[in-house]
Amino acid sequence: MPAIEYDHFKELCQVRGLKATSQRFIILKTLASLATHPTADQLFDEVSGKLPGISRDTVYRSLNILADCGMLKRLIMPGGATHFDGDTSQHHHLLCEACGKILDFEWPDFDRLPWPVAIDAVGHARTASVLIMGRCLACKGQ
Ligand SMILES: [Zn+2]
Ligand SMILES: [Zn+2]
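These figures come from a predicted structure and were not determined experimentally. (Residues numbered from 1 in each chain as written. Chains lettered and ligands numbered in written order. Predicted model: local features only at pLDDT ≥ 70, side-chain atom pairs only at ≥ 80, totals over all residues. Heavy atoms only, no water.)

Okay, the coordination of the zinc ion (ligand 1) next. The reference angle at a metal is 109.5 degrees if four donors form a tetrahedron and 90 or 180 degrees if six donors form an octahedron. Coordination of the zinc ion (ligand 1) by the protein comes from Cys-96 (SG), Cys-99 (SG), Cys-136 (SG) and Cys-139 (SG), over a distance range of 2.3 Å. Each of the 4 donor atoms around the zinc ion (ligand 1) contributes to a set of angles spanning 102 to 116 degrees, which defines the coordination as tetrahedral. (Donors = N, O, S within 2.8 Å, 3.2 Å for Na, K, Ca; no water. Tetrahedral: all angles 85-135°; square planar, octahedral: opposite > 155°, others 65-115°.)

This is the structure in structure tokens:
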């Protein structure tokens, strides 16, 4: 994924009526540079070196504000932990049950499926992405 530039970030914020603070930018940029889908705590460890004095609470709040605006994605894992994804393009995830890694993959055939008619009986579908449980390549051989 290409690194996000500040000008682009500013535009995204303007459209959403959000203040383009440098803290939010660094949080988003750091998240976008990671393929690991970190939790808020893990991301705090990454950004605290770049933003000395930033509080855990600010990182949490910024992540949630940016997620609510659609600038990053929240991934709720089956165990209940919330992870964050800086890649907002359509993709799916493999959760390795051995090491806990969350890996990206594309699934164009799934993305092209029409919504099941049964959804109309219970609500309205907006977006879908799949979480597959299994093992990553490193753990598969063990
Ligand atoms: Zn693994
Ligand atoms: Zn992802």
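Following the structure, the description resumes.
Before going further, it helps to spend a moment on the packing of helix H2 (residues 22-33) against helix H3 (residues 40-47). Between H2 and H3, the shortest axis-to-axis distance is 10 Å and the interhelical angle comes to 110 degrees. Accordingly, the angle class assigned to the pair H2 and H3 is roughly perpendicular. Residue-level inspection shows Ile-26, Ile-27, Thr-30 and Leu-31 of H2 in contact with H3, the latter providing Leu-43, Glu-46 and Val-47. Partitioned by chemical class, the residues of the contact of H2 with H3 number 5 nonpolar, 1 polar and 1 charged. (Axes fitted to C-alpha atoms, helices over the stretch in contact; angles between N-to-C directions. Helix = DSSP H or I, 4+ residues; strand = E, 2+ residues; numbered from the N terminus. Parallel < 35°, antiparallel > 145°, perpendicular 65-115°, else oblique. Contact = heavy atoms within 4.5 Å. Nonpolar A, V, L, I, M, F, W, Y, C, P; charged D, E, K, R; others polar.)

On to the nonpolar core. Residues Phe-9, Ile-27, Leu-63, Leu-66 and Leu-72 are the most contacted members of the largest nonpolar core, which totals 21 residues. Elements that contribute at least two residues to this core include exactly helix H1 (6-16), H2, H3 and helix H4 (56-68). Those residues within four positions of Leu-63 in sequence are excluded, and the remaining contacts are Ile-27, Leu-31, Ala-40, Leu-43, Leu-72 and Phe-84. (Core = buried A, V, L, I, M, F, W, Y, C linked by side-chain atoms within 4.5 Å. Buried < 20%, exposed > 50% of the residue type's maximum accessible area, 1.4 Å probe, protein only.)

Let us now look at the coordination of the zinc ion (ligand 2). Around the zinc ion (ligand 2), the protein supplies His-37 (NE2), Asp-85 (OD), His-91 (NE2), His-93 (NE2) and Asp-104 (OD) as donor atoms, at distances of 2.0 to 2.2 Å. Sequence spacing among the residues donating to the zinc ion (ligand 2) works out to H-x47-D-x5-H-x1-H-x10-D. Placement of His-91 in the loop between strand E2 (82-85) and strand E3 (92-96) and of Asp-104 in strand E4 (residues 102-105) is noted, with a sequence separation of 13 residues between them. A relative accessible area of 39% places Asp-104 in the partly exposed class.

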